[in-house]
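# Survey of secondary and tertiary structure
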Amino acid sequence: MNQALAGIDFAPVIPPWLLVGLGVVAALALLPALIRLQPDANGARRWQPAQGAWLRALAFAALLLALANPRLVEETRETRPDIALLLVDRSDSTGLGARPAQITAARDEIEARARRLPDLELRTVEVPEAGNQGTRLFSAMERALADIPRARLAGVMALTDGQVHDVPPAPALDAPFHLLLPGQAGEVDRRIRVIEAPGFGIVGRPVELRLVVEDLGARPDAGGAARLTIRRDGQPPRVESVPVGREHRIAVPIERGGPTVVELTAETRAGEVSDLNNRTVVSINGVRDRLRVLLVSGEPHAGQRTWRRLLKADPNVDLVHFTILRPPEKDDLTPLHELALIAFPVRELFQVKLREFDLIVFDRFGNRGLLPPVYLRNIADYVRGGGALLLSVGPEFAGPTSLAATPLGQILPARPPTGAGAAQAALLEQPFRPQVTELGARHPVTENLPGANSFGPEGNPLAEATWGRWYRALRADARAGSTVMQGPNGAPLMVLDRVGEGRVALVLSDHIWLWSRGHDGGGPQQELLRRIAHWTMKEPELEEEDLAARIEHGRLTVVRRSLDQAAPPEIAVTAPDGSVTRHAPEARGAGRAVVELPALQAGVWQASDGRRAAFAAAEAPNPMEVADLRADAAPLRPLVTATGGGLRWLGTGAEPLLPELRRVAIGRDAQGGGTPGPGWIGLRRNGDHSVTGITALPLLPPWLALPLVLGLALLAWRREGR
């Protein structure tokens, strides 16, 4: 809009300081004429100006005015519309209940009202969900203000629940900030706040969670309590009564390696905004504390120290190693000062402290009456009850001292042949390269071993093994378990089996040490033995029959692993709200089948293949958003007060209670305009403009100034000369 404004200004023809100096000189020249003593009619002398003094003053004034060059100036201005900013909060906390509809209706109405106001432009900015950073309202506002000249900013209006997490200490805003909140004042909310939750726990030991159930926006209820439901890995829930507002401790047992998912739910409080933050999940990873391993070596051989080096190299392993060279009952009356070997503590190890070990390893051990049958039966029972046994055997396994001929043979997955000449027939002494079986290519113990042979999709061999050769193996009949490696003529070389709750691994050769020496190119001896030992001790990442679930970046990944080559069954996925969906897994090779889908709900997700179940914890995508679900003006109230803005509640009805928008002139109040009144909020009228044209007309041009000054000077001379 163009408008013309007229006014008077001055364009001195000499520097202003010189003009002021001439004024001072003129005043000094007038002073004697204005304060001269003259006699009156009675002869008395009085102070009175000389005749013509005022004409002299007018002449000086006309001269100074001519030098000041007064002008009549007319400006043509183009006014610019003011800009108001509307911030619309679309974070998760504004999506509860009726808030989204209220905010949308309020936005539409504000935009319609702003269009009816002259010289006002409304810019709307939506503040999106910001992940785990909370509501970034001021970041969005600063980006929008960067494109708005501050001289044109009429004000900022924010449609938000007040839960803003980037409020600066001193916001730089020189325009009114108006806060419009959905709902009404005095809302209440109950939440669970986890004070401390360990990320790891030792298997077999409980861990402690520290939490508090809080009621926000309500007066503390002295002695009040709330029911807390605790569910661990889908097991039947446990209910406790916890004091509201005070710290509570919960003991959670860690019974296995891998993640343990704990879901905590507080009962809903009457009248609270939402029960979304009444529930939380905690995931605790179970780890084993310094594995205790018993290594029993028998007949000395070239690779005897292989197992000892491997186990001693692991800082998480406490190794107890014995080499038995004499029976426990032998007493040859050797003097004590000459005795080099102590009697083996059979009863202490294999009866008293047997179940304190996580793994028992027999390395080329032949039972020459060293271990009575009762102790070998104890070892078998130990394995059935959840223990781990690993045997690395040599020629002794096919002889009369073989452990297969003892009560321990009942749990071994392979047995040597029996009968006349069986011992000689069982011994295979020839060069060969160990081969991973087709089943072993799917087993995590032997999968993707460096240098291993490989198979195609149909089970056809693709590449031969490139690792070094061995020269001795034992022929045995595999009667149980999984044969993951084979030797000469397809004979079982490594057999893994589950016995009851425990596990047994049998290596039918004592030449694996050749790989560690680099013979014939060497091989992955350390990695293979590490995997065998950890598989027997039930490390989760080496489970061959398993169902695992994890949630990362808002997506649920379910991995089913199996040695069965049949098509995997459908995976049933149960969301935290109880809804169940079924998905066909995608085969990924090596016995894996995977299901991936979005996991947008916070809580515990469950996956099941019909035999096994897995659980994964999904935290709230924006924990700061659900920490307090009330609509609360407290975080933004200081800014509203400092800028002279207004605070209004939209009410709980379908139609929001919006105040009227009014334009307010600058200077109306101490904050520069915008202080609201009853039923309205103000947007500042800045009057910003640009000058498009200027017309200047001199009021005392030279042709007029010269005769005027000379005329007044002549009149003053004539008057003073009388």
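The structure we're discussing is the one just above.
Within each chain, residue numbers correspond to sequence positions counted from 1 in written order. In keeping with the model being predicted, local features are shown solely for residues with a pLDDT of at least 70 and side-chain atom pairs are shown and tallied solely at 80 or more, while totals for entire chains, interfaces and linings include all residues. Think of the side-chain values as coming from all heavy atoms in the structure, minus any hydrogens and water.

### Comments concerning the side chain of S402
Numbering of helices and strands runs from the N terminus; a helix is a DSSP stretch of H or I covering at least four residues, while a strand is a stretch of E covering at least two. Looking at the secondary structure, you find S402 in the loop between strand 20 (388-392) and strand 21 (414-415). On the basis of relative accessibility, which here comes to 4%, the residue S402 falls in the buried class. Of the polar contacts made by the side chain of S402, one reaches the backbone nitrogen of A404; its length is 3.0 Å. Not counting residues within four places of it along the chain, the set of residues in contact with S402 comprises E396, F397 and P416. Categorising residues by exposure relies on relative accessible area from a 1.4 Å probe, with only protein chains included: less than 20% of the type maximum marks a residue as buried, more than 50% marks it as exposed, and the intermediate range marks it as partly exposed. We call two N or O atoms a polar contact when they sit within 3.5 Å, provided that within protein one can donate a hydrogen and the other can accept it, with sequence-adjacent residues counted only if both atoms are side-chain atoms. Any two residues whose heavy atoms approach within 4.5 Å at even a single point are treated as in contact.

### Here we look at the sheet that holds strand 14 (residues 247-253)
With antiparallel pairing, the 3 strands of this open sheet are ordered in space as 9-11-14. A single partner strand is all that each edge strand has here, and the edge strands are strand 9 (189-196) and strand 14. Going from strand to strand, the sheet's axes swing by 30° on average, the running direction of each strand aside. A strand pair is defined by DSSP finding two or more bridges across the two strands. Between the N-to-C directions of two axes lies an angle of 0 to 180 degrees, each axis being a line fitted to C-alpha atoms and, for a helix, fitted only over the stretch in contact.

### Here's the deal with the sheet that holds strand 17 (residues 291-297)
Strand order in the open sheet made by the 8 strands is 18-17-19-20-30-29-28-23, with mixed pairing throughout. Across the chains shown, the open sheet's two edge strands, defined by having one partner strand only, are strand 18 (317-323) and strand 23 (435-436). Relative to strand 30 (residues 502-507), strand 20 runs parallel, the two being bridged by 5 bridges. Along strand 30, the bridge assignment pairs L391 with L506. Its contacts with the sheet place helix 10 (residues 525-536) against strand 19 (359-363), strand 20, strand 28 (482-486), strand 29 (492-499) and strand 30, and it is angled at close to 155° to strand 30.

### Remarks on helix 5 (residues 305-312)
Regarding helix 5, the residues found buried are T306, W307, L310 and L311. Buried residues of helix 5 fall within an arc of 115° about the axis and therefore sit on the same side. Facing away from the buried side of helix 5 by more than 90 degrees, the exposed set consists of R309 and K312. Lining the buried residues of helix 5 we find strand 17, strand 18, strand 19, strand 20, helix 9 (513-516) and helix 10. Working note: the arc is built from the helix axis to C-beta atom directions.

### Structural notes on the pattern of salt bridges
The working definition used for a salt bridge is a side-chain nitrogen of Lys or Arg within 4 Å of a carboxyl oxygen of Asp or Glu. According to the stated counting rule, one finds 44 salt bridges in the structure shown. Among the salt bridges present, the one from R210 reaches E247, with a minimum N-O distance of 2.8 Å. Taken as a pair, R210 in strand 11 (residues 206-216) and E247 in strand 14 lie far apart in primary sequence, 37 residues in all. Looking at E247, the relative accessible area reads 35%, which means it is partly exposed. R249 is the salt-bridge partner of E247, the closest N and O atoms lying 3.2 Å from each other. Bridged by salt links that share partners, the residues E196, E208, R210, E247 and R249 form one connected network.

### Focus: the pairing of strand 16 (residues 279-287)
Here strand 10 (residues 200-202) runs beside strand 16; their pairing, made up of 3 bridges, is parallel. Of the residues in strand 16, the one forming a bridge with I202 is V287. Pairing analysis gives 8 bridges linking strand 15 (residues 258-266) to strand 16, with the strands arranged antiparallel. In the strand pairing of strand 16, T260 is matched with I284.

### A short note on helix 7 (residues 373-384)
Helix length check: helix 7, at 12 residues, gives a terminal C-alpha distance of 17 Å against a target of 16 Å (1.5 Å per residue), a fit within 8%. For helix 7, every residue scored as buried is listed here: Y375, L376, N378, I379, A380, Y382 and V383. Two residues or fewer past helix 7, G386 is found with a positive phi of approximately 125°. Multiplying 1.5 Å by the residue count of a helix minus one yields the expected span of that helix.

### Some points on a nonpolar patch on the surface
Each patch is built from salt-bridge-free residues with over 30% relative accessible area, joining like charges within 9 Å and nonpolar side chains (Val, Leu, Ile, Met, Phe, Trp, Tyr) within 5 Å. Areas reported here follow the Shrake-Rupley algorithm with a probe of radius 1.4 Å; residue values treat only the protein chains shown as occluding. A cluster of nonpolar side chains, contributed by I8, F10, L65, L72, L697 and L699, occupies part of the molecular surface with about 570 Å² of accessible area. When you line up the elements, F10 lands in strand 1 (residues 2-10).

### Things to note about the packing of helix 5 against helix 10
Relative orientation of the contacting elements helix 5 and helix 10 amounts to 75°, with a least axis distance of 11 Å. One finds that helix 5 runs roughly perpendicular with respect to helix 10. Where helix 5 abuts helix 10, its residues T306, W307 and L310 lie against Q525, Q526, L529 and R530. Considering only residue class, the contact of helix 5 with helix 10 consists of 3 nonpolar, 3 polar and 1 charged. Orientation categories follow fixed angle ranges, with anything under 35 degrees roughly parallel, anything over 145 roughly antiparallel, 65 to 115 roughly perpendicular, and all other angles oblique. Three categories are distinguished: nonpolar for Ala, Val, Leu, Ile, Met, Phe, Trp, Tyr, Cys and Pro, charged for Asp, Glu, Lys and Arg, and polar for the others, with Gly belonging to the last.

### Describing the packing of aromatic side chains
Aromatic contacts are taken between Phe, Tyr and Trp rings whose centres are within 6.5 Å, Trp giving its six-membered ring; a plane angle under 30 degrees counts as stacked, one over 60 as edge-to-face, and the others as tilted. As enumerated under the stated definition, the model contains 5 aromatic pairs in all. Here F362 and F365 contribute two aromatic rings whose centre-to-centre distance is 5.2 Å and whose plane-to-plane angle is 35°, an arrangement assigned as tilted. For the pair formed by F362 and F365, the shared burial category is buried. Residues F432 and W470 carry aromatic rings whose centres are separated by 6.2 Å and whose planes lie at 75° to one another, so their mutual orientation is edge-to-face. Of the two residues, F432 is situated in the loop between strand 22 (427-428) and strand 23 and W470 in the loop between strand 25 (461-463) and strand 26 (473-474); the sequence distance between them amounts to 38 residues. As far as burial versus exposure is concerned, F432 and W470 are alike and both buried.

### Let's talk about the environment of A696
Structurally, A696 can be placed in strand 42 (residues 689-698). Spatially, the C-alpha atom of A696 lies 6.0 Å from that of R71, the residues being 625 residues apart in sequence.

### Here's the deal with unusual backbone geometry
A positive phi angle, near 55°, is found at D119, a position not held by glycine. Residue position: D119 is located in the loop between helix 3 (99-115) and strand 6 (120-127). Positioned with a positive phi, K538 is a non-glycine residue whose angle comes to about 65°. If you trace the backbone, K538 turns up in the loop between helix 10 and strand 31 (546-552).

### Quick word on the environment of P461
If you trace the backbone, P461 turns up in strand 25. For the pair P461 and E438, spaced 23 residues apart in the sequence, the C-alpha separation amounts to 8.6 Å.

### Looking at the environment of R503
Structurally, the position occupied by R503 is in strand 30. The sequence separation of R503 and G386 amounts to 117 residues, and the corresponding C-alpha distance is 7.3 Å. A polar atom in the side chain of R503 sits 2.8 Å from the side chain of E543.

### Brief notes about the pairing of strand 11
Successive residues of a regular strand alternate their side chains across the two faces of the sheet. Burial analysis of strand 11 places 8 of its 11 residues in the buried class, which makes it a mostly covered element. Examined bridge by bridge, strand 9 and strand 11 share 7 bridges and lie antiparallel to one another. In the sheet register, R193 faces strand 11, and the bridge partner there is V212. Relative to strand 14, strand 11 runs antiparallel, the two being bridged by 7 bridges. Note that in strand 14 the partner of L209 across the bridge is I250.

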